[in-house]
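Coordinate inspection notes
Single-letter residue listing:
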Amino acid sequence: MTEPGMDWDAAYRQETPPPWSIGGPQPELAALIDEGRIRSEVLDAGCGHAALSLALAERGYTVVGLDSSATAIESAAAAAADQGLDTATFAQADVTNFRGYDGRFSTIVDSGLFHALPPEKRQDYLQSIFRAAAPGAALYILAFAAGALGDADQGGAPRGFAEAELREAVSTLWRVDDVRPAKVFGNAPASADGPLAHVERDGEGHFMAPGFLLTAHKPD
């Protein structure tokens, strides 16, 4: 949920969780699970602390979480072991250029990764997950809307998408079925004059920033 080029391992080594680790799946994605729209096997792309992977495994899904951060992967694997969730496995990988899973996944879920990638790496990422997807596989991408947390050019804020931009980027490979407004939840204290000063909050204090949920599929 932050700018490209950051030290992801350092973010996960901090005493407090990074802003995108909210202690559970993003609510927009949890709703997809409740609606029965997730099919095994699942790829959790950029899994981080893997709250989504763990929630899926609790329900019996087979899921693989990939992340570039070795620290995040170690934490996710330990959490799965502690909870006895043997259908969730994790591996460190460059999400823009990974192999070894060709045609494997029926669902690919991106919980705030796509908007954090450098623009020049986005198509490489889409190609990598396309290669890992089975024919007919579903893809769900939850991403910030442009300007959701301030001006990215001023530093610190993620570079989100306009709706048409997100649709166009993904449709180079995937068949886009829907792009709808959504909320992206995160942890960060409010300030009097910062970009979070006027962002909506839930009852637990999470900010709820404007975003989009894109639904697509790999043609059969």
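As shown above, the structure is provided for reference.
Residues numbered from 1 in each chain as written. Predicted model: local features only at pLDDT ≥ 70, side-chain atom pairs only at ≥ 80, totals over all residues. Heavy atoms only, no water.

Moving on: the overall build of the protein chain. Along the backbone of the protein chain there are six helices and eight strands. Its helices and strands in sequence order give the protein chain the pattern α-α-β-α-β-α-β-β-α-β-α-β-β-β, from N to C terminus. A total of 220 residues make up the protein chain; the buried ones form 50% of that total. For the protein chain, restricting intrachain contacts to residue pairs at least 6 apart in sequence, the fraction spanning at least 24 positions comes to 71%. Carbon and sulfur atoms make up 48% of the accessible area of the protein chain, which totals about 9800 Å². (Helix = DSSP H or I, 4+ residues; strand = E, 2+ residues; numbered from the N terminus. Buried < 20%, exposed > 50% of the residue type's maximum accessible area, 1.4 Å probe, protein only. Contact = heavy atoms within 4.5 Å. Areas by Shrake-Rupley, 256 points an atom, 1.4 Å probe, with all protein chains shown as cover.)

To continue, consider the nonpolar core. General note: in soluble globular proteins, nonpolar side chains tend to be found buried as a group. With 34 residues, the main nonpolar core has F114, Y125, I129, V170 and W174 as its most contacted residues. Counting residues per element, the ones that place at least two in this core are β1 (42-45), β2 (63-67), β4 (105-111), α5 (122-132), β5 (133-144), α6 (163-170), β6 (175-186) and β8 (207-217). Once you skip the residues sitting within four places of it in the chain, W174 turns out to touch I108, L126, I129, F130, A133, A137, L139, A216, H217 and K218. Counting residues in each nonpolar core, the second largest holds 33 residues, with L29, C47, A57 and Y140 among its members. (Core = buried A, V, L, I, M, F, W, Y, C linked by side-chain atoms within 4.5 Å.)

On to unusual backbone geometry, then. Cis geometry is adopted by the peptide bond preceding E41, which originates at S40 and carries an omega value of -10°. Within the element layout of this structure, E41 appears in the loop between α2 (27-34) and β1. Residues other than glycine seldom take positive phi values, yet A50 does so here, at roughly 70°. Relative to the assigned elements, A50 resides in the loop between β1 and α3 (51-58). Accessibility expressed as a relative area gives 1% for A50, which makes it buried.

By the element assignment, T107 lies in strand β4. Residues contacting T107, with those up to four places away along its chain left out, are I38, R39, E41, V42, L43, A138 and Y140.

Attention shifts here to α2. If you check which residues of α2 are buried, you get E28, L29, L32 and I33. All buried residues of α2 project into a common sector of 150° when viewed along the axis, lining one side. On the buried face of α2, the contacting elements are α3, β4, β5, β6 and β8. (Arc of directions from axis to C-beta.)

What follows covers the environment of E204. Among the structural elements, E204 can be located in the loop between β7 (200-201) and β8. For the pair formed by E204 and N187, sequence separation is 17 residues and the distance between their alpha carbons is 9.7 Å.

Attention now moves to the pattern of salt bridges. Following the criterion strictly, the structure yields seven salt bridges and no others. Measuring nitrogen to oxygen at the nearest pair gives 3.4 Å for the salt bridge that ties R37 to E35. For E35, a relative accessible area of 51% puts it in the exposed group. (Salt bridge = Lys/Arg side-chain N within 4 Å of Asp/Glu carboxyl O.)

Before going further, it helps to spend a moment on the pairing of β1. Successive residues of a regular strand alternate their side chains across the two faces of the sheet. Taking every second residue as pointing to the same face, both faces of β1 are buried, with V42 and D44 on one and L43 and A45 on the other. In terms of strand pairing, β1 meets β2 through four bridges, oriented parallel. Counted as the bridge partner of V42 is V63 from β2. For the handedness criterion, the β-α-β arrangement of β1, α3 and β2 is classed as right-handed. Where β1 and β4 come together, four bridges link them in parallel fashion. (Pairing = 2+ DSSP bridges. Right-handed = clockwise from strand over helix to strand, strands pointing away.)

The topology assignment puts D67 in strand β2. Within polar-contact distance, the side chain of D67 engages the backbone nitrogen of S69 at 2.9 Å. Discounting chain neighbours no more than four positions away, the residues touching D67 are Y12, G46, C47, G48, A72, I73, A91, Q92 and A93. (Polar contact = N/O pair within 3.5 Å; in protein donor to acceptor, adjacent residues only side chain to side chain.)

Read these as spatial facts, not as claims about activity.
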